[in-house]
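Understanding the architecture of this molecule
Listed here are the chains, written in short residue letters.
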Amino acid sequence: MFGIPRAPLILGLAGLLPFIAAAFVSTFPGTASDAQTAHLLTAVDGLAALSLYGTIILSFMSGVLWGFATKVEGSKATIGYVLSVLPALWAFFLRGSSVTDTLFYLSIGFLGLLILDYYFFRKGLTPPWWMRLRIMLTVIVVVCLSIGAAQ
């Protein structure tokens, strides 16, 4: 799809499943019925799952950007390292007073991450298909987080 290698595409899409499931359950509580999804039975739990998973993935993406920064040296690397820690710091420090506030801040964090992705892409530090994958995934993530934030 769009020249994105199969493994990153499939794994990226699989990584959306918790976002989609938590957004669905937060909107339609009581729809999860089996024992494996019992922890998502209420809207509050769905919102908490969105917040937790969003925080984890935003932090994970900091590590991805750090990896891109390792491809250069000197001041370019320093700038890359500094930029790469911003998503994790954002996820840690910008916690709202409510879970819906946190989801809003996470949405902004993922949009900011997309800007950083583009920076690393323009510097030639990412694979050529990177932005196609990141735009697709970010749109879905931000929609899911926004659904939760609107609760």
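I will try to describe carefully the structure that is included in this document. (Residues numbered from 1 in each chain as written. Predicted model: local features only at pLDDT ≥ 70, side-chain atom pairs only at ≥ 80, totals over all residues. Heavy atoms only, no water.)

Looking now at the nonpolar core. Core analysis: the biggest nonpolar cluster contains 36 residues, and F19, L50, F110, F120, L133 and L145 have the highest contact counts within it. When residues of this core are traced back to their parent elements, those giving at least two are α2 (17–27), α3 (43–69), α4 (74–93), α5 (99–122) and α6 (130–149). Looking at which element gives the most residues to this core, the answer is α6, with nine residues. (Core = buried A, V, L, I, M, F, W, Y, C linked by side-chain atoms within 4.5 Å. Buried < 20%, exposed > 50% of the residue type's maximum accessible area, 1.4 Å probe, protein only. Helix = DSSP H or I, 4+ residues; strand = E, 2+ residues; numbered from the N terminus.)

Opposite charge on two side chains makes pairing possible when the charged atoms of those side chains draw close. What the rule picks out here adds up to one salt bridge. One salt bridge in this structure joins D117 and R134, with 2.8 Å as the shortest N-O distance. Note that D117 is positioned in helix α5 and R134 in helix α6, a separation of 17 residues in sequence. (Salt bridge = Lys/Arg side-chain N within 4 Å of Asp/Glu carboxyl O.)

One way to put it is that helix α1 (residues 6–14) packs onto α6 with a least axis distance of 10 Å and a crossing angle of 15°. The orientation of α1 relative to α6 falls into the category roughly parallel. Crossing handedness for the pair α1 and α6: right-handed. In this structure, α1 uses P8, L9, G12 and L13 to contact α6, whose residues at the interface are L133, M136 and L137. Per-class residue counts for the contact of α1 with α6 are six nonpolar, one polar and no charged. (Axes fitted to C-alpha atoms, helices over the stretch in contact; angles between N-to-C directions. Parallel < 35°, antiparallel > 145°, perpendicular 65-115°, else oblique. Left-handed = near helix turned anticlockwise from the far one by under 90°. Contact = heavy atoms within 4.5 Å. Nonpolar A, V, L, I, M, F, W, Y, C, P; charged D, E, K, R; others polar.)

Function-wise, these values are silent; they only describe arrangement.
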